[in-house]
Structure formats: C-alpha cells, structure tokens
Amino acid sequence: MQTLTPQRLRELDLKATDVREGIIRALLAAGSGHSAGSLDMADIFTALYGHVMRHRPEEPNWPQRDRLLLSCGHIAPVRYSAMANFGYFPVDELLTLRKFGTRLQGHPERVSLPSVETTSGPLGEGLAQGVGMAQAAKMDGADFRVYVVTSDAEHQCGLHWEAMMTAAKFKLDNLLCIVDRNFIQIDGSTEEIMPLEPLADKYRAFNWEVFECDGHDIAAFVATVERAHAAKGKPQVVIAKTIPGKGVSYMEGDYTWHGKPPNAEQAKTALAELAATRERILAHV
Amino acid sequence: MSDTQTLDRAAQAMSLVDYRDTANLKQLPTRNGFGEGLLEAARANRNVIGICADLSESTRFEALKNALPEQYLEIGVAEQMLVAMAGGLAAVGKIPWIASYAMFNPGRSWEQVRTIMALNETNVKIAGAHAGVSVGPDGATHQAIEDIAIMRVIPHMFVVVPCDSVQTKKATLALSQTFGPTYLRFAREKSAIVTSEATPFEIGKAQVFREGSDVAIVACGILVYNALMAADKLSRERGIECRVVNNHTVKPMDEAAILDAAKTCGAVVTVEEHQIHGGMGSRVAEILAAKHPTPIEFIGVDDRFGQSGDPVELIEHYGMGSTAIEAAVLRAHARKRA
C-alpha cells in the first residue's frame, strides 16, 4: 500500500461523499432497499477501492486482483456506488438499481456483474467463500488478498463461525474480515435481539488477529488494515465501529432505516446535507 | 441361465456383463467407483480437489487423501461450510468435489447449494454418499430419499445417479471434466455390477440396457439391476418384453430417450430408490404428460420415512424389489390395454 498523504485523504473523503450521494440517488430511484448499512460503509468501501486494494476497474477479471466479497449483500448500494465512482461502470447506471433487466440486482449477483466476485444476500455465507478463495490462493502460490465485508448481525449465523474455525485451521493470513459494527439489525439492537459481545474476544478465542477502529475515519481504517496485514499465520478481523445511516442526520443511529429507502423529500434533504459536507471538506485546507 | 440364452442385443451393444449369472456376478458399493474416479481425475488435473467433512472412509475420499494429500482438505463436521468454501475455491479455478452423506450434503446445505453453487454458477461437485434406504441399520435419519427432488428442482444443476460402481467411476471422471454445479448420488451397500469397462457413458444420455416393446422400465441407481432381473423373469414366465432404460442422468434428462421408450412401449414403470414424490419418475411423468401422455407406474418410497434394517429387507419392505417391479409392469401393461 502507498502512503496516504493528506491530499489523498481529502480526495477520499470527497469520494466517500460522492459514494453516499450515489447511494441516495439509487435508493430513491429504486423505491426500495437498505439505507442505513449502505451509508455507514461508504467510508470503508471508499478506502478499499481508493487505497487499500490492488485492482483494475478497466480489467475487472484481472487474475491478480484482490478479492472483495460483500457478505451482507443487502448493502449492495454502497458497493455499486463505490464501483461506479471508481470507474467500473457509469454513475448513471446506479439509477437502474433493482429494476427489471439491471446488472445491479437487489442483492449482488456475480453472473450479472462478475466484479462483485460472488452472489450474496443470504447472510453468514461470505466469510466461508472468502476462506475458499484465500485457501485457493495459498494452494496456487498467488499473492492476492481476500477482503470480506460482513454485517455484525450476520454473526448470528452458524456458518460464519464454521468459517472462522476453518480460516484459523488453514492459517489464512491472506484473509481479512471487516465487521460493520453498527449495532442494528431489522428488528432493533443487535444486543437485544441476540447479543454478540464480547465480539473481539470471540474472534481472539477462534485464533484470529483482532483489530478495532472507527469505521468513519479513513486514515484510521487504512492504518489498521496496514497493521493487520503484518500478521503472519493468522486471519485478521477489523471490527469497524460505525453509525448506521452515517452522513444523513435523520437516519443516523435509527434502526428503522435498516431496510427502507428515502422518499423524494427525504432524499432532497439528504443530498443537501451531503452537499454541505462536501463544502466543509473543500473549505478545510 | 446364462448358458441357455445369450443376452439380448441391446445388452450386448452396451457391453453389459451377464447380470443373470448371479453366481458369478461381482458386487461392489457404488461409492468405490467414486473413490477410484476421483483419484484418477485428480491425477489428471491438479485443480481437482476433495474437501471432506469427517467422512473420508465412508465417502471413499481415502484414496485421494493418501495418494495426493496436497489436493485434499479436511474441514470437520460442517456441511454448509463444505459448500461455501468449495464455492470460493471454485471461483479461483479449483474443481472441488465435496462429499458427505447425502442427508447432510445437500440435505443440510441446500440454501448454500442453491445460492453459491447454482445461482452463482460455480464448478462445485457434490458427491452424495449413503443415499437411499439401503443405507440399512443407521436408520431413517441417515437415509436420504428426498435428495433427487431437492437437487433436480435447482436450475443449472447436473443430477447423476449411476447404476453400479464401474459406472460411478466413469461418471466421476466425466463430471470432473464438465463445467457446472453437479450432484452425483451413490449408495452405501455393495450392489451388482452390470456394466463393464467397455460400456459407454455420456452425461445426459440414457442407455437402453434391454430391448422390448411391451412396457418400458425407466430406472436409475442400484435398482437398475432389479429392473433387469424383473424384465428377464417377465420375459421367461409371461412373454412380456420390457425395454429397460438406465436413466442415470436425472437432470438434464434425456427427453428423446424417454419419449422413444413411451412411444415404443405405450406404458412406463419408473424405478428409483427415492421418494416417489419429486424424484426421477416425477420428471419422467412431467415429460410424458406434456408431450406424450402414457400410463405410468412408479416404484419408489411412497411418502414414508425409512427405518433400521438389512438393506435387502428394506428394499423389499418399501416396495422396490424385483417382485414389486414385476407387479408394476403387469399393472402398467394392463392399463395400456384398457
């Protein structure tokens, strides 16, 4: 990874705002979809596509690319918007989200859009597939890394823990799991519905290297990933503390925005807030 | 018997062994053919690998495990993991064979099979061991008799049920070289080997093992032998000549062969070690109802669960022995004339 200069960081902060705008526009056009998680992962997806990952938007099937799996497929809008904003396809295509004939299916489908790496949506399945990809890299002597973005609530699925055991058994130090720790799920708070804490200790007990950071601080996230990459012989997890709906004031911290889109009026407010955010970043020299 | 009459022309064309010669008929479990075929496929292509969920002896993974340990992964009792991890390996070019008892894979892992293998179009191969009531003493929990139904309903899936261990080896090799999500089903107990090394095998191509124009018996798996024995007896004792079709590929099914059998014979009996509901015979009925309505009798488990017992005893109890097939042929034959 290159050094993250202050100038580059500012560009990424602006890019994250673009990604959030894309999410709002896409969800408005779709009339359904998941707002809170999509918005709260905008900074991390921007960091991944903009700085962390080795990839070629113009050659999405480049064999040496790092693999990014979105296990919690319902926050597809953030991935689609990040991909569009980093040159995988035109930003306007975001407006086809969830519409008949689109490549941007409600949950990601690899056959429609190969650069999403795998079809996802049924929860708890991404890490297991990431384990397979990381193991294949080890068997072939390939040096790409595998990143798996997971929601916190999907840690309630048993398969995820099977994957955690397997990753440790095979010493997959080319595998990094990112947890969107926003503490919400459809029905409310994760800790009320099925407590996950102490989540970091659970990963440690499964023989993982564990890191925690603020999921909205791109510089902190990048630094954390760099430290994680130094781990040898163990898979790594970054538990990223996030605020659901981040960037849109009336959505922030409100679990009821998990699975619904803004209406036209709400979207207008959201886009105005994001425009103000952009102005603030530009003014802050 | 074999010294009094040669095998019919269809059997000769298929290079079958003389299955009527019960004294000299070889018996081996179909799963042995999987173990041999997998090792051969893995030797030919280092991307062919095996992933095991703690059943290396039962599934016959042992040959691969011992000969090519670098192409073998053990992940413990975790069948959903088996499918999902294989999906990841396949995405990077591996050709993973994953094996457990059919009851657990695809039984336990069905949603992963649908999403990661089929919707996602990955080259993952499932070997479903211990299918059917002939698993025997282990009882109903371990006797998969719904697996064909849950696999044949999934788009893009290959579903193959070979008739003996020699054919299972050929099927394993052929499927290893064919891109696409795959379910290969086999059984625990030793069963009669009716095919020979020279018998052809092609995915999606049903085989006529015996010629006849009175009733067509369309069978798959180890019960193909029972179908042949029933046909032989009906010929000798009643002069009823059955065409016996080894319908090893349940999906994509050889529609032309099914239609030809129905048109030639005018009545059909389907035979499988599976629930009648949703199985191979149901697919035959779907084809014929749409394209050539024909009287059909179904041999299989009739909406019940299995139980502990001796394999042969269970096959008889659930109405899948050769006597039950003979009776079904007579019923079908009578309906044809009615």
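For clarity, every value in this text was computed on a predicted model and none was experimentally measured.

### A closer look at the overall build of chain B
Part 1: The helix and strand inventory of chain B stands at 12 helices and 14 strands.
Part 2: Over its C-alpha trace chain B gives a radius of gyration of 19 Å, about what one expects of a compact globule, namely 20 Å for 338 residues.
Part 3: Along the first, second and third principal axes, the C-alpha atoms of chain B reach 55 × 40 × 35 Å.
Part 4: Taken over 338 residues, chain B has a buried fraction of 60%.
Part 5: Long-range contacts, defined here as pairs at least 24 residues apart, represent 78% of the contacts in chain B between residues at least 6 apart.

### So, the environment of Asp254(A)
Part 1: For Asp254(A), the position within the fold is in the loop between β7 (236–241) and α10 (264–283).
Part 2: Sequence-wise, Asp254(A) and Leu94(A) are 160 residues apart; in three dimensions their C-alpha atoms are separated by 25 Å.

### Regarding the interface of chain A and chain B
Part 1: Opposite the 20 residues of chain A that make contact, chain B presents 20 residues.
Part 2: When contributions to the side of chain A that touches chain B are tallied by element, the ones reaching two or more residues are α5 (126–140) and α6 (158–169) of chain A.
Part 3: No other element matches α5(A), which puts 9 residues into the side of chain A that touches chain B.
Part 4: Considering only residue class, the side of chain A that touches chain B consists of 9 nonpolar, 7 polar and 4 charged.

### What about the nonpolar core?
All names here are of chain B.
Part 1: Judged by nonpolar contacts, the single largest core of 199 residues is most densely connected at Ile217, Val224, Ala227 and Val268.
Part 2: Each of domain 1 (9–26 + 198–333) and domain 2 (27–192) gives at least three residues to this core.
Part 3: Not counting residues within four places of it along the chain, the set of residues in contact with Val268 comprises Ala216, Val218, Ala261, Ala262, Val284, Leu288, Thr294, Ile296 and Ala332.

### A look at the domain arrangement of chain B
Residue and element names in this part refer to chain B.
Part 1: Domain parsing of chain B yields domain 1 (9–26 + 198–333) and domain 2 (27–192).
Part 2: For domain 1 versus domain 2, the separation of C-alpha centres amounts to 24 Å.
Part 3: For the side of domain 1 that touches domain 2, the residue count by class is 16 nonpolar, 13 polar and 5 charged.

### So, the packing of α6(A) against helix α4 (residues 79–91) of chain B
Part 1: Following both chains from N to C, one finds α6(A) and α4(B) inclined at 70 degrees, their axes separated by 9 Å at the closest point. Considering the angle they form, α6(A) stands roughly perpendicular to α4(B). Between α6(A) and α4(B) lies a crossing whose hand is right-handed. In this structure, α6(A) uses Leu159(A), Glu162(A), Ala163(A) and Thr166(A) to contact α4(B), whose residues at the interface are Gln80(B), Met81(B), Ala84(B) and Met85(B).
Part 2: Here the residues of the contact of α6(A) with α4(B) are counted per class, giving 5 nonpolar, 2 polar and 1 charged.

### Digging into helix α5 (residues 110–119) of chain B
Part 1: All buried positions along α5(B) are accounted for by Gln112(B), Val113(B), Arg114(B), Thr115(B), Ile116(B) and Met117(B).
Part 2: Residues of α5(B) that are buried sit in contact with α5 of chain A together with α4 of chain B.

### Quick look at the sheet that holds β7(A)
All names here are of chain A.
Part 1: Here 5 strands make up an open sheet; going across it, the order is β1-β2-β3-β7-β6 and the pairing parallel. Taken across any chain shown, the strands that pair with only one partner, and hence form the sheet edges, are β1 (67–70) and β6 (209–214). Across this sheet, the average inter-strand angle for adjacent strands is 20 degrees, counted without regard to direction.

### With respect to the pairing of strand β13 (residues 268–275) of chain B
Residues and elements named next belong to chain B.
Part 1: Most of β13 is tucked away, with 8 of its 8 residues classed as buried.
Part 2: Bridge count between strand β10 (residues 215–219) and β13: 4 bridges; the pairing is parallel. Each bridged residue has a counterpart across the sheet, and for Val218 the counterpart in β13 is Thr270.
Part 3: In this sheet, strand β14 (residues 296–301) lies alongside β13 in parallel orientation, the contact comprising 5 bridges. Paired with Val269 across the strands is Glu297, a residue of β14.
Part 4: Read as a crossover between parallel neighbours, the route from β13 over helix α10 (residues 280–291) to β14 is right-handed.

### Points about unusual backbone geometry
Part 1: Cis geometry is found at the peptide bond from Glu197(A) to Pro198(A), where omega equals 0 degrees.
Part 2: Turning to its location among the elements, Pro198(A) is positioned in the loop between α7 (190–193) and α8 (199–205).
Part 3: Of note, the amide linkage connecting Lys251(B) to Pro252(B) takes the cis form, showing an omega dihedral of -5 degrees.
Part 4: As for its position among the elements, Pro252(B) is in the loop between β12 (249–251) and α9 (255–265).
Part 5: Located in the positive-phi region is Asp303(B), a residue other than glycine, with phi close to 60 degrees.

### Quick notes on the environment of Pro57(A)
All names here are of chain A.
Part 1: On the secondary structure map, Pro57 appears in the loop between α3 (42–52) and β1.
Part 2: Residue classification places Pro57 among the partly exposed residues on the basis of 15 C-beta atoms within 10 Å.
Part 3: Separated by 141 residues in the primary sequence, Pro57 and Pro198 place their C-alpha atoms 38 Å from one another.
Part 4: Sequence-distant contacts of Pro57, that is, excluding residues within four places in its chain, are made with Phe86, Gly87 and Tyr88.

### Considerations on α6(A)
Part 1: For α6(A), built from 12 residues, the straight-helix expectation of 16 Å at 1.5 Å per residue is met to within 8% by its first-to-last C-alpha distance of 17 Å.
Part 2: Listed as buried for α6(A) are Leu159(A), His160(A), Glu162(A), Ala163(A), Met164(A), Thr166(A) and Ala167(A).
Part 3: Elements that come into contact with the buried residues of α6(A) comprise α5 and β3 (175–181) of chain A together with α4 of chain B.
Part 4: Immediately beyond the C-terminal end of α6(A), within one or two residues, lies Lys171(A), with a positive phi of roughly 55 degrees.

### Some thoughts on the sheet that holds strand β4 (residues 95–101) of chain B
Sheets are built from strands paired through backbone hydrogen bonds, the pairs being either parallel or antiparallel.
Residue and element names in this part refer to chain B.
Part 1: An order of β3-β2-β4-β5-β7-β6-β12 is seen for the 7 strands of this open sheet, with the pairing classed as mixed. Across the chains shown, the open sheet's two edge strands, defined by having one partner strand only, are β3 (72–74) and β12. Neighbour to neighbour, the strand axes of the sheet diverge by 20 degrees on average, direction disregarded.
Part 2: Alignment of strand β5 (residues 125–129) against strand β7 (residues 182–185), held across 4 bridges, turns out to be parallel. Its bridge partner lying in β7, Ala127 is registered against Leu184.

Thresholds, definitions, all that
- Residues numbered from 1 in each chain as written.
- Chains lettered and ligands numbered in written order.
- Predicted model: local features only at pLDDT ≥ 70, side-chain atom pairs only at ≥ 80, totals over all residues.
- Helix = DSSP H or I, 4+ residues; strand = E, 2+ residues; numbered from the N terminus.
- Rg over C-alpha atoms; globule rule 2.2 N^0.38 Å.
- Buried ≥ 20, exposed ≤ 12 C-beta atoms within 10 Å, placed from the backbone.
- Contact = placed C-beta atoms within 7 Å.
- Nonpolar A, V, L, I, M, F, W, Y, C, P; charged D, E, K, R; others polar.
- Core = buried A, V, L, I, M, F, W, Y, C linked by C-beta atoms within 7 Å.
- Domains from an automatic or database assignment.
- Axes fitted to C-alpha atoms, helices over the stretch in contact; angles between N-to-C directions.
- Parallel < 35°, antiparallel > 145°, perpendicular 65-115°, else oblique.
- Left-handed = near helix turned anticlockwise from the far one by under 90°.
- Pairing = 2+ DSSP bridges.
- Right-handed = clockwise from strand over helix to strand, strands pointing away.
- Expected span 1.5 Å × (residues − 1).

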